[in-house]
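Notes for the structure review
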2 protein chains.
Amino acid sequence: MPDIQLSLADARALAEQCLKINGLDDANAAATAANMVAAERDGCVSHGLFRLPGYVTSLRAGKFDANASPTIEQLAPGVIRVDAGAGLAPLAVTKTLEALAPLARTQGIAAAAIVRVFHMAAMWPDVEPLAEQGLAALAMTASASFVAAAGGKKPFFGTNPMAFAWPRDGEPPMVFDQAVSVMARGEVMIAARDGHQLPEGVGLDSDGNPTTNPQAVLDDGVLLPFGGYKGSAIALMVDLLAAGLIGQPFSPEIRRAANFDGGPESGGMLIIALDPDRFGDAEGWRQHAETFFAEMLAQEGVRLPGQRRFANRARTTKEGIRLPAALHAKIVELSGHS
Amino acid sequence: MPDIQLSLADARALAEQCLKINGLDDANAAATAANMVAAERDGCVSHGLFRLPGYVTSLRAGKFDANASPTIEQLAPGVIRVDAGAGLAPLAVTKTLEALAPLARTQGIAAAAIVRVFHMAAMWPDVEPLAEQGLAALAMTASASFVAAAGGKKPFFGTNPMAFAWPRDGEPPMVFDQAVSVMARGEVMIAARDGHQLPEGVGLDSDGNPTTNPQAVLDDGVLLPFGGYKGSAIALMVDLLAAGLIGQPFSPEIRRAANFDGGPESGGMLIIALDPDRFGDAEGWRQHAETFFAEMLAQEGVRLPGQRRFANRARTTKEGIRLPAALHAKIVELSGHS
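What this report covers is the structure whose coordinates are included nearby. None of the values given here were measured: they were computed from a predicted structure.

**Quick word on the overall build of chain A**
- Check the secondary structure of chain A and you find 12 helices and 14 strands.
- The C-alpha atoms of chain A give 20 Å as radius of gyration, which agrees with the globular expectation for 338 residues (20 Å, within 12%).
- Along the longest, intermediate and shortest principal axes, the C-alpha atoms of chain A span 55 × 45 × 45 Å.
- Looking at chain A as a whole, 62% of its 338 residues qualify as buried.
- Nonlocal contacts in chain A, meaning residues at least 24 apart in sequence, comprise 67% of its contacts between residues at least 6 apart.
- Of the roughly 12200 Å² that chain A leaves accessible, carbon and sulfur atoms contribute 50%.

Shown next, in the form of structure tokens:
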């Protein structure tokens, strides 16, 4: 079957409609569809509409609150706590960024602890809007154990993504968003779906032996941390800051609570925003960083993180996206009266 | 020649005396010697007394201010700027932590931008004292380019270390301190000195070809980032936060200013401190994290970062340290009237 071609607006309407028909309220459906289609638009298909059936399964099962309305409390001059009310991350993050950006400008540095949130979305949309407003931002979240700690052979850390954004001068922000596993779990799921093998060094099977079979990794196997013990240390930091610091479940606790329905799990998330105008070089920092980026890009073979995403974005904004026909049919089916 | 055995107190006196005889003032000599001997004590020999001859070369050449007295300015409610006065990092960091810890308690989260500082020391001593006071802390610094950006074959990033500390209950803090290179530059220097080969994947020679010869890496070659493009992204974040954000030189700028005398180079440093008591789980976070650490350590083959250091510390505190006789002789020679 050929792929289905959709404009971004149509893709968003399709996702939003599907989520609403399955019970998600307007505000949550709009924010969640926007996040999924932004991922699809940027070529991050493993966080795109591919995830929609999982959301629907969770929605129908009443796993999260389909009408959640996040509330914000100030815990300290530089810290806010956003109670997502057991709802999905995209709406909670939207509300968080509205409060966090002005706080970072006042304080120089500020943090938001998002709690009781169901996060399964791409994370760069959680920091990119801050950088579009001239702030540097760092976000992280713990997730159900699927990654071995260095030296171990069983799942311990989640894929614990960390995203970072830096505001640029006349360019889209520099943004990266990376799991602590060598390969993102969504990519392993797509490899399994498409019958592709994994590269060496990505994961172990349930006996702790190296494997290139994606299904063996997903079936009680484990992903490996990037860069061995150094990536494992980053994973540990993410668990401590996005779970331990803010009173939310650590990766193994999320895994024990998980029902593996393809939908998101409840946990916490930390976003830190810094205002470069308040760090001593308000006049110079933008141009200084641009000089640095230019020198980096002058090196043969070197790209800035996010460049591929922005190239995809430019293309799909004009041409639209292509969905595998089976996925499109599934979404249409899920959008029927349930 | 057999190694020379020294108590920690004697090692500290030896280093302090050598630095003072070569012109460093009392406060800077005490802080710098304490940092170097702390590294030696914890088994981090590449940041230990091995670095002393480089400091002396720089001191004799007047590269940094031997009488620098750091000054502190508040830039925003959550941000302080510490002007190290073109002096060495250890004294500037000591002063910084005295101001940053109470600020983090008041604000919940606070940052210190240390500028005009000559940093060549181990970095975990810059965060461990904060965790000993119950704070979580993250520190990073940019350094002269020696690491390739992902896809590149020439030096671009510094080894850009990042250190993170988490306070523990009845145990020394959990602390990691890691360069963005697969192997720390100090370790490559030690391999070159001792005639050892490097493992595969650590570096490229000046033609951009993989090599296991440490001298080929040090002579116009390049170290590789850990975990490929993911470690490279971490290196980029460190440069942006520890240089771009605070108006200090990026890694390539530091390299162009460097004189490669074995001593430190001038640059910036960022420390972020977070008070877990202000993030919504003041009562529970300590015990919650201990449960997590216990589960992590219950896995076969898994250790906490820093465990080896603390084991070394326990041993050397009783038994003292062993210095290679040639290094000891060199230090004694450098401590003669100059």
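Moving on from the model shown.
**Regarding the side chain of B:T316**
All names here are of chain B.
- Locating T316 in the fold gives a position in helix 11 (residues 307–319).
- Overall, the relative accessible area of 4% leaves T316 in the buried class.
- Ignoring anything within four residues of it in the chain, the contact list for T316 reads L8, R41 and I321.

**Some points on the relation of the copies chain A and chain B**
- Laying chain A over chain B is done by rotating through 180 degrees and shifting 0.0 Å along the axis; what remains is an RMSD of 0.0 Å. Here the transformation between the copies is reduced to the relation of a two-fold axis. Judged by C-alpha distance, A:G227 is the residue of chain A that lies nearest the rotation axis, at 1.9 Å.
- Most of the interface of chain A is mirrored in chain B, where 100% of its interface residues are also at the interface.

**Considerations on the packing of helix 8 (residues 229–244) of chain A against helix 10 (residues 285–297) of chain B**
- Running from N to C, helix 8 of chain A and helix 10 of chain B point in directions that differ by 150 degrees, and their axes come no closer than 11 Å. The pairing of helix 8 of chain A with helix 10 of chain B is recorded here as roughly antiparallel in orientation. The element helix 8 of chain A and its partner helix 10 of chain B pack so that their crossing is right-handed. Contacts from A:L236, A:D239, A:L240 and A:G244 of helix 8 of chain A reach helix 10 of chain B at B:W285, B:H288, B:A289, B:F292, B:F293 and B:M296.
- Among the residues forming the contact of helix 8 of chain A with helix 10 of chain B, the class breakdown is seven nonpolar, two polar and one charged.

**Overview of the nonpolar core**
- Membership of the largest hydrophobic core comes to 112 residues, with the highest contact counts inside it found for A:W166, A:L240, A:F279, B:W166, B:L240 and B:F279.
- Beyond its immediate chain neighbours, meaning those up to four positions away, B:W166 contacts A:L240, A:G244, A:L245, B:A131, B:A136, B:P173, B:M174, B:W285, B:A289 and B:F293.

**What to know about the pairing of strand 9 (residues 174–178) of chain B**
Residues and elements named next belong to chain B.
- Of all five residues in strand 9, four are buried; the element is thus mostly enclosed.
- Taken together, the five bridges between strand 8 (residues 162–166) and strand 9 define a ladder with antiparallel strand orientation. Within strand 9, the position partnered with F164 by the bridge is F176.

**Focus on the sheet that holds strand 5 (residues 136–141) of chain B**
Residue and element names in this part refer to chain B.
- If you walk across this open sheet you meet the seven strands as 2-3-4-13-5-8-9, and the pairing is mixed. In the strand order of this sheet, the two ends are held by strand 2 (71–76) and strand 9, each with one partner. Neighbour-to-neighbour, the strand axes of this sheet turn through a mean angle of 15 degrees, independent of strand direction.
- Summarising the sheet, strand 5 and strand 8 pair through four bridges and their orientation is antiparallel. Directly across from M140, in strand 8, lies its bridge partner M162.

**Here we look at the packing of aromatic side chains**
- Counted according to the given criterion, the structure contains 17 aromatic pairs over all chains.
- Judged by centre distance (5.1 Å) and plane angle (75 degrees), the ring pair of B:F156 and B:F157 falls under edge-to-face. Of the two residues, B:F156 and B:F157, neither departs from the other in class, the shared state being buried.
- Joined through ring pairs, the aromatic side chains of A:F156, A:F157, A:F250, B:F292 and B:F293 make up one cluster.
- The ring centre of A:F146 lies 3.6 Å from the NZ or CZ of A:R185, which sits over that ring.
- The ring of B:W124 has B:R309 sitting right over it, with the charged end atom 3.9 Å from the ring centre.

**A few points about the side chain of A:T141**
All names here are of chain A.
- Relative to the assigned elements, T141 resides in strand 5 (residues 136–141).
- Taking relative accessible area as the criterion, T141 reaches 5% and is therefore assigned buried.
- Among the polar contacts made by the side chain of T141, one reaches the main-chain carbonyl oxygen of G268 at a distance of 2.7 Å.
- Sequence-distant contacts of T141, defined by excluding residues within four places in its chain, comprise H119, M123, N160, P161, V238, A242, G268 and M269.

**Considering the pattern of salt bridges**
- This model, assessed by the stated rule, comprises 27 salt bridges over all chains.
- One salt bridge connects A:R309 with A:E128, and the closest N-O pair in it is separated by 3.4 Å. Taken together, the positions of A:R309 in helix 11 (residues 307–319) and A:E128 in helix 5 (residues 128–132) put the pair 181 residues apart, joining distant regions of the chain.
- In this structure A:R309 comes out as buried when scored by relative accessible area, which is 6%.
- Taking the shortest distance from any N to any O, the salt bridge between B:D42 and B:R313 comes out at 2.7 Å. One end of the pair, B:D42, is in the loop between helix 2 (26–41) and helix 3 (52–60); the other, B:R313, is in helix 11, with 271 residues separating them in the sequence. Like B:R313, B:D42 is buried.
- Several salt bridges converge on common partners, so that one network encompasses A:R41, A:D42, A:E128, A:R309 and A:R313.

**What to know about the interface of chain A and chain B**
- With 75 residues of chain A at the contact, the number on the chain B side is 75 residues.
- Note on chain A versus chain B: buried area summed over both sides is about 5900 Å², and carbon and sulfur give 72% of it.
- Considering only the side of chain A, the residues that lose the most area to chain B are A:K230, A:F279 and A:F292, jointly responsible for 13% of the buried surface there.
- Our enumeration of links across chain A and chain B arrives at two salt bridges.
- Note that A:R256 is salt-bridged to B:E295, the shortest N-O span being 2.8 Å.
- Our enumeration of links across chain A and chain B arrives at 16 residue pairs in polar contact (both at pLDDT 80 or more).
- Split into classes, the residues belonging to the side of chain A that touches chain B amount to 48 nonpolar, 17 polar and 10 charged.

Rules behind the numbers
Residues numbered from 1 in each chain as written. Chains lettered and ligands numbered in written order. Predicted model: local features only at pLDDT ≥ 70, side-chain atom pairs only at ≥ 80, totals over all residues. Heavy atoms only, no water. Helix = DSSP H or I, 4+ residues; strand = E, 2+ residues; numbered from the N terminus. Rg over C-alpha atoms; globule rule 2.2 N^0.38 Å. Buried < 20%, exposed > 50% of the residue type's maximum accessible area, 1.4 Å probe, protein only. Contact = heavy atoms within 4.5 Å. Areas by Shrake-Rupley, 256 points an atom, 1.4 Å probe, with all protein chains shown as cover. Least-squares fit on C-alpha atoms with pLDDT ≥ 70 in both. Axes fitted to C-alpha atoms, helices over the stretch in contact; angles between N-to-C directions. Parallel < 35°, antiparallel > 145°, perpendicular 65-115°, else oblique. Left-handed = near helix turned anticlockwise from the far one by under 90°. Nonpolar A, V, L, I, M, F, W, Y, C, P; charged D, E, K, R; others polar. Core = buried A, V, L, I, M, F, W, Y, C linked by side-chain atoms within 4.5 Å. Pairing = 2+ DSSP bridges. Phe/Tyr/Trp six-rings, centres within 6.5 Å; stacked < 30°, edge-to-face > 60°. Lys NZ or Arg CZ within 6 Å of the ring centre and 35° of its normal. Polar contact = N/O pair within 3.5 Å; in protein donor to acceptor, adjacent residues only side chain to side chain. Salt bridge = Lys/Arg side-chain N within 4 Å of Asp/Glu carboxyl O. Buried area = accessible area lost by both parts, 1.4 Å probe.

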